[in-house]
Amino acid sequence: MSGRRILAAFLLLLPLLAAGPAMAVRPDEMLSDPALEARARAISKDIRCVVCQSENIDDSDADIAHDLRVLIREQLAAGKSDQQVRDFLVARYGDFVLLKPPFKMKTLLLWAGPFAMLLIAGGGILLFYRRRRDTVEAPPLSADERAKLDAFMAENENTGSSNSDSEGTAR
Amino acid sequence: MRRLIFLLPLVVLAALLVFFLRGLDPSRDPSAIDSPLIGKALPTFSAPALLADKPGIDSRDFADGDLRGKVVAVNFFASWCLPCRAEHPVLKQLTSELGIPVIGIAYKDKKDAAAGFLAEMGNPYLRVGTDEPGRIGIDFGITGVPETFIIDKQGIVRHRIGGPLNPQLIDEEIAPLVRELNK
Amino acid sequence: MITEIGHYALVLALILAVAQATLPLIGAQRGSRPWMALAQPTAIGQFGFLGLSFLALIHAYVVSDFSVAAVYENSHSAQPLIYRIAGAWGNHEGSLLLWVLILALFGALLALFGDNLPPRLRARALSVQAMISVGFLLFMLFTSNPFARLDPAPLEGRELNPLLQDPGLATHPPMLYIGYVGLSMAFSFAIAALIDGKVDAAWARWVRPWTLLAWTTLTAGIVLGSHWAYYELGWGGWWYWDPVENASFMPWLIATALLHSAIVVEKRDALKAWTILLAILGFAFSMLGTFLVRSGVITSVHAFAQDPARGLFILALLTVAIGGSFVLFAWRAPILKAGGMFAPISREGAMVINNLLLATATATVLLGTLYPLILSVSGGGTVSVGTPYYNATFVPLTLPLVALTAIGPFLGWKRGDLPAAMQRLTFAFIATFIAAVLTWWWRTDGPLLAVLGIAIGVWLLAGTLLEWAGRVKLFRTDLATSWSRAVNLPRAAYGMTLAHAGLAIAIIGMTGASAWKVEHIQVMHVGETVEVGDYAYRLDNVQTLPVENYLAERATFTVLQDGKTVTTLQPERRQYLVQPMPTTESAVHTTWKQDLYAVIGEPDGKGGWTVRFYHEPLVIWIWGGGFVMVFGGLISLSDRRYRVGAPSRALAAIRAARA
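An unreviewed UniProt entry annotates chain C as Heme lyase CcmF/NrfE family subunit of Dongia soli. As stated in UniProt under Function (unreviewed entry), the record for chain C gives "Required for the biogenesis of c-type cytochromes. Possible subunit of a heme lyase."

As annotated in an unreviewed UniProt entry, chain A is Cytochrome c-type biogenesis protein from Dongia soli. The annotation that UniProt attaches to chain A under Sequence similarities (unreviewed entry) is "Belongs to the CcmH/CycL/Ccl2/NrfF family." In its Function (unreviewed entry) section, the UniProt record describing chain A reads: "Possible subunit of a heme lyase."

Some thoughts on the overall build of chain A
On a plain count of helices and strands, chain A comes out with 5 helices and 0 strands. Counting from the amino terminus, helix and strand elements in chain A follow one another as α-α-α-α-α. Within chain A, counting contacts between residues at least 6 apart in sequence, those at least 24 apart form 45% of the total.

Points about the domain arrangement of chain C
The figure often quoted for interface size is the accessible area lost as the parts come together. Residue and element names in this part refer to chain C. What the domain assignment lists for chain C is domain 1 (1-164), domain 2 (166-408) and domain 3 (518-619). Taken over C-alpha atoms, the centre of domain 1 sits 24 Å from the centre of domain 2. Counting residues per element, the ones that place at least two in the side of domain 1 that touches domain 2 are helix 5 (81-86), helix 6 (92-113) and helix 7 (119-143). For the side of domain 1 that touches domain 2, the element with the most residues is helix 7, which contributes 10 residues. Of the residues belonging to the side of domain 1 that touches domain 2, the class tally is 16 nonpolar, 7 polar and 2 charged.

Regarding the sheet that holds strand 1 (residues 518-525) of chain C
Residues and elements named next belong to chain C. Taken together, 4 strands build an open sheet; the order of strands is 1-10-9-8 and the sheet is antiparallel. The open sheet terminates on both sides in strands that have one partner only, identified here as strand 1 and strand 8 (587-590). Put simply, the sheet's adjacent strands are angled 15 degrees from each other on average, direction ignored. Of the strand pairs in this sheet, strand 1 and strand 10 (residues 608-617) are connected by 8 bridges, and their pairing is antiparallel.

Description of the pairing of strand 4 (residues 102-107) of chain B
Residue and element names in this part refer to chain B. A large share of strand 4 lies buried, amounting to 6 of its 6 residues. Burial of strand 4 is two-sided: the residues V102, G104 and A106 facing one way and the residues I103, I105 and Y107 facing the other way are all buried. Pairing of strand 3 (residues 72-77) with strand 4, which is carried by 5 bridges, proceeds in the parallel orientation. If you follow A73 over to strand 4, its bridge partner there is V102. Read as a crossover between parallel neighbours, the route from strand 3 over helix 3 (residues 82-96) to strand 4 is right-handed. You can see the chain leave strand 4, run along helix 4 (residues 111-121) and come back into strand 5 (residues 127-131), and the turn it takes is right-handed.

Looking at the environment of C:L97
All names here are of chain C. As for its position among the elements, L97 is in helix 6. Residue classification places L97 among the buried residues on the basis of 27 C-beta atoms within 10 Å. With 226 residues separating them along the chain, L97 and G323 place their C-alpha atoms 24 Å apart. Ignoring sequence-local partners within four residues, the contact set of L97 consists of S53, F54, L57, M140 and P146.

Some points on the nonpolar core
Core analysis: the largest hydrophobic core is formed by 229 residues, its most contacted members being C:V100, C:A186, C:F189, C:A190, C:I276, C:A279 and C:I280. Non-local contacts of C:A279, meaning those with residues more than four positions away in its chain, are made with C:A186, C:F187, C:F189, C:A190, C:V207 and C:L258. Residues B:I103, B:V128, B:I151 and B:I174 belong to the second largest nonpolar core, which totals 39 residues.

Observations concerning the confidence of the model for chain C
All names here are of chain C. The share of residues in chain C with pLDDT of 70 or more is 96%, and the mean pLDDT across the chain is 89. Put simply, helix 21 (residues 649-658) is where chain C has its lowest mean pLDDT, 47, and helix 3 (residues 39-62) is where it has its highest, 96. pLDDT under 50 marks residues 300-305. Its contacts with residues more than four places away, or in other chains, come to 15 contacts. Segment residues 645-652 is flagged for pLDDT under 50; beyond a separation of four residues in sequence, or across chains, it makes 14 contacts in the model.

Regarding the packing of helix 1 (residues 2-23) of chain B against helix 12 (residues 308-332) of chain C
Where helix 1 of chain B contacts helix 12 of chain C, the axes come no closer than 8 Å and their chain directions differ by 165 degrees. Taken together, the axes of helix 1 of chain B and helix 12 of chain C are roughly antiparallel relative to one another. Crossing handedness for the pair helix 1 of chain B and helix 12 of chain C: left-handed. Along the contact surface, helix 1 of chain B presents B:F6, B:L7, B:P9, B:L10, B:L13, B:L17, B:F20 and B:L21, while helix 12 of chain C presents C:L315, C:T319, C:I322, C:G323, C:F326, C:V327, C:F329 and C:A330. Residue classes in the contact of helix 1 of chain B with helix 12 of chain C are distributed as 14 nonpolar, 2 polar and no charged.

Comments concerning the sheet that holds strand 5 of chain B
Sheets are built from strands paired through backbone hydrogen bonds, the pairs being either parallel or antiparallel. All names here are of chain B. An order of 5-4-3-6-7 is seen for the 5 strands of this open sheet, with the pairing classed as mixed. Each end of this open sheet is capped by a strand with a single partner; those strands are strand 5 and strand 7 (157-162). Strand-to-strand twist of the sheet, defined as the mean angle between neighbouring strand axes without regard to direction, takes the value 20 degrees. Looking at chain direction, strand 4 and strand 5 are connected through 5 bridges and run parallel.

Some details on the interface of chain C and chain B
Listed per partner, the contact involves 25 residues of chain C and 19 residues of chain B. Among the elements that line the side of chain C that touches chain B, the one with the most residues is helix 12 of chain C, at 11 residues.

Let's talk about unusual backbone geometry
Along the chain, B:V145 connects to B:P146 via a cis peptide bond; the corresponding omega equals -5 degrees. Checked against the element boundaries, B:P146 lands in the loop between helix 5 (135-140) and strand 6 (147-151). The omega angle of the peptide bond from C:D151 to C:P152 is 0 degrees, so this bond is cis rather than trans. Mapped onto the elements of the fold, C:P152 is located in the loop between helix 7 and helix 8 (167-196). Positive phi outside glycine occurs at C:L271, with the angle close to 60 degrees. Within the secondary structure, C:L271 is located in the loop between helix 10 (243-268) and helix 11 (272-295). Residue classification places C:L271 among the buried positions, given that 27 C-beta atoms sit within 10 Å. Backbone geometry places C:D562, a non-glycine residue, at a positive phi of 50 degrees.

Some words on the packing of helix 7 of chain C against helix 12 of chain C
Residue and element names in this part refer to chain C. One can describe the packing of helix 7 onto helix 12 by two numbers: an axis separation of 11 Å at closest approach and a directional angle of 170 degrees. Between helix 7 and helix 12, the angle falls in the class roughly antiparallel. Together, I132, G135, F139 and T143 of helix 7 and A309, R310, F313, I314, L317 and A321 of helix 12 make up the contact between the two elements. Along the lines of polarity and charge, the residues of the contact of helix 7 with helix 12 split into 7 nonpolar, 2 polar and 1 charged.

Section: the confidence of the model for chain A
Residues and elements named next belong to chain A. This prediction gives chain A a mean pLDDT of 72; 63% of its residues lie at or above 70. At the level of individual helices and strands, chain A shows its lowest average pLDDT in helix 5 (residues 143-159), which scores 59, and its highest in helix 3 (residues 82-93), which scores 93. This model gives residues 1-22 a pLDDT under 50, and the stretch forms 95 contacts once residues within four places in sequence are excluded.

A few points about the pairing of strand 5 of chain B
Taking burial as the measure, the 5 residues of strand 5 of chain B include 5 buried ones, the bulk of the element. Here strand 5 of chain B shows two buried faces, one formed by B:R127, B:G129 and B:D131 and the other by B:V128 and B:T130.

Side note on helix 7 of chain C
In this model, helix 7 of chain C (25 residues) spans 36 Å end to end at C-alpha, consistent with the 36 Å of a helix rising 1.5 Å per residue. The buried fraction of helix 7 of chain C is high, at 19 of 25 residues.

Some thoughts on the environment of C:A202
Relative to the helices and strands, C:A202 is located in helix 9 (residues 201-232). It is 9.3 Å that separates the C-alpha atoms of C:A202 and C:L117, two residues lying 85 residues apart in sequence.

Cut-off values and rules
Residues numbered from 1 in each chain as written. Chains lettered and ligands numbered in written order. Predicted model: local features only at pLDDT ≥ 70, side-chain atom pairs only at ≥ 80, totals over all residues. UniProt positions renumbered as here; feature names shortened; annotations may be inferred. Helix = DSSP H or I, 4+ residues; strand = E, 2+ residues; numbered from the N terminus. Contact = placed C-beta atoms within 7 Å. Domains from an automatic or database assignment. Nonpolar A, V, L, I, M, F, W, Y, C, P; charged D, E, K, R; others polar. Pairing = 2+ DSSP bridges. Axes fitted to C-alpha atoms, helices over the stretch in contact; angles between N-to-C directions. Buried ≥ 20, exposed ≤ 12 C-beta atoms within 10 Å, placed from the backbone. Right-handed = clockwise from strand over helix to strand, strands pointing away. Core = buried A, V, L, I, M, F, W, Y, C linked by C-beta atoms within 7 Å. pLDDT = per-residue confidence, 0-100. Parallel < 35°, antiparallel > 145°, perpendicular 65-115°, else oblique. Left-handed = near helix turned anticlockwise from the far one by under 90°. Expected span 1.5 Å × (residues − 1).

What follows is the structure in structure tokens.
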């Protein structure tokens, strides 16, 4: 359970219990074939450690993370595909170990949520503009209103309305 | 209609508060992980014997060996694990009170150390296997020791308890399950 | 004795806060000036007592009074003075006191310098501030008393966590807290305005400096925290999408949205209800973060000592403060009259899109952070949401936002001319194209997304600079005129330019550091040389030496390029006095092109050491960009027109018109 605890510092800074050095992947674990090793690294970066749960097993110092890293490398060396290796881990630890949650019924809201929210909010804004446009086409001002507006504008002119700031750049 | 939109933040907050309140339930362990093994057949494994006078354990023993047709508890332990010491005396209750045999697997432990632990603390296990490399542990998806699995008569994993057992847990969680499985 | 004074001052502060929360509010309702005026002395008094209390706590840490439980838990007499002081807020209780102290500081500032505000608004805002104070003071006194005593007193403390024994502890948390708590000011103003039923340009102006201050400090806090994590954790990462990080990031996103929407309120009298909602949400996310981190409902924080009472207490606070505000919002916001009209393509329209994307991005982070909890308490099992999720959702949402940030400032108010804006961005298009091609050509091995990241960063940087050039009419008139225009541009305009440029720089840095990071891990012996990329690292020696309160194993690497010495790196492995686990201290050589980052790990027992080297291209740009943003915030804060005690608006407008 190493460094990720320090991120508690972002809000709270409680004792980062059992925090240790960030010495995750060890030289003796690594495969000599750089392509296989790279695949192993890529897989283990997206597997969550089951003991120190806020880390991936690639970063984690926990014993079990070490075991899992070795296991992943053994399986890759034995010719398994990345997906087969992931499936192997999911069969034992469940979807929990996947830092990228699988797309399923129970994660539908998670995956669709952001884009659904964007669409709904975007639609709301379109509606807002349409309503606004309708208001623009409201009946013209009465003479009385006109006079009031002029008076207001004049007053604004004197005190300097913020609209005249040089911040507007469309000149 | 327009006014309803202004209620939206309140509605979202109310929903979140319900989840938070349930999340604060003291009986809930936020770090607990569901075991995908529940409802599935026991993983295939073979653990060599730890002690000279007791055989090791193999998953075949559940299918057609002496454990066939029995409700069994499989307990992972280690001599280096403090909660295991706390749990150890309680394990006997599983056999004495509930009548189910307990199989021990020494997880990532040296043979001598594990045997010494049993000699010192007593041996509640029917059979004890050793898993020094920790691979059987991974096949069971354990995240630490102790962990206990309840296996039904057909060799299906029915329950997992992560962390040490205690008498209350046995009375409230395991006993009803064992009664159910023994029906 | 001093500890008891501190404890007692806490109680007195609570009593004053209760007075401040009630009397001025009643006064504002009844129109009674004397009652409203009570807000000022109570706010200042509250701050005074909390300051006293805080000093008493610091004193207990400095003299290592281990009869105070929090000191025993988090300090050691051999710790250097700076960590004995900073350790005071390196834990739950102390950090809470710092939080409340900053809250009271803001109240006192409003009391002292808010004379230009309508008395009613000020009285109400100060009352709301005090209500928050009351909540947190009760929380502290009942569940997390920093002055709780131990009897008998232990002889020695348990030491501050070694990872926290870093100068970062002295700067990052206070900065972050000023940001969080600063958002409470916008919140209090929003509540006061809702009670009042009036939101106008003047209101937006009064809120602006507070929001800007909160945004600036929050930015600084996040940047400092990210940099701290980068060098302290020892694998060169700078952002992890950890729930705790997200908790600090969401208020920042909302504050950014609020800064923009408040401008629309100020200039155009539109988006009022939405701006009020953002002001409430900014603080709501601060409180949510506090809840998530201090209650233990989320696994990121499961290592903290859990007390269910704490979680329930904060949840109750959250319910009352935020629930109450939302009720008020649902009741009062519909009466806010919508003001100025504008076309979808206009400066206001650009701000609306900015807010749409920022709000959606915030909601995405919230969803990702809470989803595991929501699913697990509704019996759906356990899932994890990590970096890959945010890369697939947050990044696609924010890339268009960044791209549009370059265009927005070119659009006029009310009705903008998009083709004209695009035409003025011609140079930015060209620069972007060149940058993309160069990136592609330079690093064919990198991911395609890197080209996109660099291109978008360059696009925003070029667009921002062009916008500034347009304002000062650079090269369209003689240089002297341009110079005088540049000097006379309002500082708020520079604030925007710097903030946008800083964001662009940070994005380029993030892209470089994630796409082309090089890692090398191996076992090394003294005297051995290893080549990583264009550099060679020679391990000269590993020394063991006692330093203050830890034992260091210090490796010395000579870094060579083409046979010439570039620098010497001395990473360490440290063993502190009490804490059993060793920590690593990385050594970093920073250049604007890349960081050379070295870490020393365990010895292999055969004379070798595990070492790790990282090359992090452009990584310093992340924090450099962050500080440019902070600087922009500060420049904007110094704009006379927006100062808390600003002179009349007329004067400022004349000055602006002259510009």
